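Each chain is listed here by its residues.
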Amino acid sequence: MTGSDVAEWANFGIVAGTAAATLTGLLFVAVTLRIESIVNTSDLRYRAAQTLTLFITVLILSMLLVIPRQALPALGVEIIVVAAVAGTALAILDHRASSATRPNSLARTIDIVSLTLTAVTLVAVSGVACAAGREWGLYVLVPGVIAALVSGVINAWLFLVRPPSG
């Protein structure tokens with residue numbers, strides 16, 4: 001696949017990036033409305049950071065998709081790096097949230113409904129396939145991006161509507 005073929009994915013990158021940026025704003029609104037609970041509860045802070053990481057991951061992937069004349073294998077390597085960094089950050093944040101002395105019920109709910117592992121795994125598989133020159137890897141990126149966005153939306157929604165009591 002040539003760089004011009006990858007360019008056909010630019011619109012997907014634009015839409016996904018716009019969604020991620022918009023949802024990042026929603027997350028900041030949700031956190032602001034519950035700031036006292038989140039600041040005073042370590043597991044909620046880590047879950048909010050996980051949600052932000054998901055949105056930033058999609059934003060970075062979107063930026064990679066719109067780079068002009070990029071070859072598929074190069075894009076694949078970049079996607080692998082993003083998946084590795086995001087996966088590591090998300091695992092660290094998850095461990096810290098899970099290690100909270102008295103996990104908050106909201107944080108436990110977010111942990112249960114999270115699609116984080118699914119999203120990162122799909123992104124990593126996409127990167128490996130693209131690095132190997134397989135065009136279908138880009139199609140695997142789509143459900144990975146969707147899983148990251150949906151997981152982040154669920155988390156932000158829970159920050160807004162679920163009581164933060166222990």
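Shown above is the structure to which this text applies.
Structure report, in brief.

How each quantity is defined
- Within each chain, residues carry numbers counting from 1 in the order of the written sequence.
- Confidence filtering applies because this is a predicted model: local features only for residues at pLDDT of at least 70, side-chain atom pairs given and counted only at 80 or more, and all residues used for totals across whole chains, interfaces and linings.
- Side-chain metrics rest on all non-hydrogen atoms present in the structure, leaving aside hydrogens and water.
- Every helix listed is a DSSP run of H or I at least four residues long, and every strand listed is a run of E at least two residues long, numbered separately from the N terminus.
- Only protein chains enter the calculation, and the probe is 1.4 Å; a residue is then buried if its accessible area is under 20% of its type maximum, exposed if over 50%, and partly exposed in between.
- Contacts were defined at the residue level, with two residues in contact if any of their heavy atoms lie within 4.5 Å.
- A 1.4 Å probe that fits but cannot get out identifies a cavity on a 1 Å grid over protein atoms alone, an open set with protein on both sides within 12 Å along at least five of seven lines counts as a pocket, and a residue lines either if it has an atom within 4 Å of a point.
- Grid points are joined across faces, edges and corners, and a volume is the space filled by probe spheres set on the points.
- Amino acid classes used here: Ala, Val, Leu, Ile, Met, Phe, Trp, Tyr, Cys and Pro are nonpolar; Asp, Glu, Lys and Arg are charged; the rest, including Gly, are polar.
- For this document, the term salt bridge refers to a Lys or Arg side-chain nitrogen within 4 Å of an Asp or Glu carboxyl oxygen.

Next up on the list: the overall build of the protein. Helices and strands together make up the secondary structure of the protein, namely 8 helices and 0 strands. The order of α-helices and β-strands along the protein, N terminus first, is α-α-α-α-α-α-α-α. Residue burial in the protein is summarised as follows: out of 166 residues, 43% are buried. The contacts of the protein with a sequence gap of at least 6 include a subset with a gap of at least 24, amounting to 84%.

Tallied over the entire structure, the rule returns 1 cavity of 30 Å³ or more. Elements represented by at least two residues in the lining of the largest cavity include exactly helix 4 (42-65), helix 5 (72-98), helix 7 (116-131) and helix 8 (136-161). Among the elements that line the lining of the largest cavity, the one with the most residues is helix 4, at 4 residues. Its residues assigned to classes, the lining of the largest cavity comprises 10 nonpolar, 2 polar and no charged.

Before going further, it helps to examine the pattern of salt bridges. Within this structure, the stated rule accounts for 1 salt bridge. The salt bridge partner of Asp 94 is Arg 47, with a shortest N-O separation of 2.7 Å. Of this pair, Asp 94 sits in helix 5 while Arg 47 sits in helix 4; the two residues are 47 residues apart in sequence, bridging distant segments of the chain. On the basis of relative accessibility, which here comes to 27%, the residue Asp 94 falls in the partly exposed class. Judged by its relative accessible area of 3%, Arg 47 falls in the buried class.

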